[in-house]
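Observations on chain architecture
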Amino acid sequence: MVQEQAQEPYSRAMVVVAHPDDAEFGCSGTAVKWSREGVEVVYVIVTDGSKGTSDRHMTPERLVETRNREQLAAGQILGLKEVVFLGYPDAYLQPTLELRRDITRQIRKYRPDVLVTTNPVRNLMGAGYLGHPDHMAAGEAALAAVYPSARDHLTFPELLQEGLEPHKVREVLIIGHPSPDLWIDVTDTIDISIRAIRAHVSQVGGREGLEARMKEGRRQNGKPAGMEYAESFKRFVLP
Ligand SMILES: [Zn+2]
């Protein structure tokens, strides 16, 4: 069944992903659509992106600085409320209790109605793509933070001491799930999301055919829903 919208409109959304640029590839058309509708959208970028280069002369420190700047520029294009960087080392991410607590802190602070994250399970359905371990780790930690850590005041009591009250997230959307059941029409926002992807110059600068591939991917996504361009998710409505 195709459902384009949530049962109730959202006021606040949070996107938790491993790397600067993951959200642009996974859900930026949705992020800008929500922003335009008045939803406050916060990105939480878990790693520092310090491994994302093949340039032997680039230092990790310079790369982190560059990628943070690129992510902030993309966030401006999309109209995000905030971009939070957790600064974990790129490529070594594990779904630890420390990471779960750090994401829980952001959930309790920004109190999203909906949280978007990557699939915590390795999905070997896509030709030629194994999946990045950081994406799975970020997804696992984010889901564990939504349920039950953000909800339960006795979990991570230090957060309560910081003044961060428990919070129940209403819905979770998973990027990259093999059986999506929610399609969001991004026909009106695909061009601006491609501009945001282009802001990640260190990652996609000079990449041939990027725009055509992005459009083709979202066109394929939209087919089952009868939409010209769509981003698709697996959706969970929490009790
Ligand atoms: Zn990534």
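Residues numbered from 1 in each chain as written. Predicted model: local features only at pLDDT ≥ 70, side-chain atom pairs only at ≥ 80, totals over all residues.

Topic: the nonpolar core
This is how it is decided: Note on terminology: a nonpolar core is a set of buried residues of type Ala, Val, Leu, Ile, Met, Phe, Trp, Tyr or Cys, with members joined through C-beta atoms within 7 Å. Whether a residue is buried, exposed or partly exposed follows from its count of other C-beta atoms within 10 Å of its own C-beta, namely 20 or more, 12 or fewer, or something in between, respectively; the C-beta atoms are built from the backbone. Helix and strand labels come from DSSP, where a helix needs a run of H or I of at least four residues and a strand needs a run of E of at least two; each type is numbered from the N terminus. Note on contacts: each residue gets a C-beta atom placed from the backbone, and two residues are in contact if those atoms are within 7 Å.
In this structure, Val15, Val16 and Val46 are the most contacted members of the largest nonpolar core, which totals 58 residues. For this core, the leading source of residues is helix H4 (residues 133-149), giving eight residues. Not counting the four nearest positions on each side in its chain, valine 15 is found in contact with Ala23, Cys27, Ala31, Val41, Tyr43, Val44 and Val116.

Notes on unusual backbone geometry
Going from tyrosine 147 to proline 148, the amide bond is cis rather than trans, its omega being 10 degrees. Take proline 148: it is sitting in helix H4. Phi at alanine 91 takes a positive value of approximately 80 degrees, unusual for a residue other than glycine. Along the chain, the position of alanine 91 falls in the loop between strand S3 (82-88) and helix H3 (97-110). Alanine 91 sits in the partly exposed class, given 15 other C-beta atoms within 10 Å.

Some points on the environment of alanine 196
Among the structural elements, alanine 196 can be located in helix H6 (residues 190-198). Exposure remark for alanine 196: the 27 C-beta atoms within 10 Å place this residue in the buried category. Measuring from C-alpha to C-alpha, the distance between alanine 196 and isoleucine 77 comes to 5.9 Å, with 119 residues separating the pair along the chain. Not counting residues up to four positions away in its chain, the partners in contact with alanine 196 are Glu24, Ser28, Ala74, Ile77 and Leu78.

Some details on the sheet that holds strand S2 (residues 40-47)
Convention followed: At least two DSSP bridges between two strands are needed for those strands to be called paired. Comment: axis = line fitted to C-alpha atoms, over the contacting stretch for helices; angle = value between 0 and 180 degrees taken between N-to-C directions.
Taking strand neighbours across the sheet as the criterion, the seven strands line up as S3-S2-S1-S4-S5-S7-S6 in an open arrangement whose pairing is mixed. Unpaired on one side and paired on the other, S3 and strand S6 (182-185) mark the two borders of the sheet. Strand-to-strand twist of the sheet, defined as the mean angle between neighbouring strand axes without regard to direction, takes the value 25 degrees. Sheet topology places strand S1 (residues 12-17) next to strand S4 (residues 114-118); four bridges connect them, and they run parallel. By the bridge assignment, valine 16 is partnered in S4 with threonine 117. Docked against the sheet, helix H2 (residues 60-78) engages S2 and S3, running at close to 155 degrees with respect to S3. Docked against the sheet, helix H8 (residues 210-222) engages S6 and strand S7 (230-237), running at close to 50 degrees with respect to S7.

Such coordinate-based values are descriptive only and should not be taken to indicate function.
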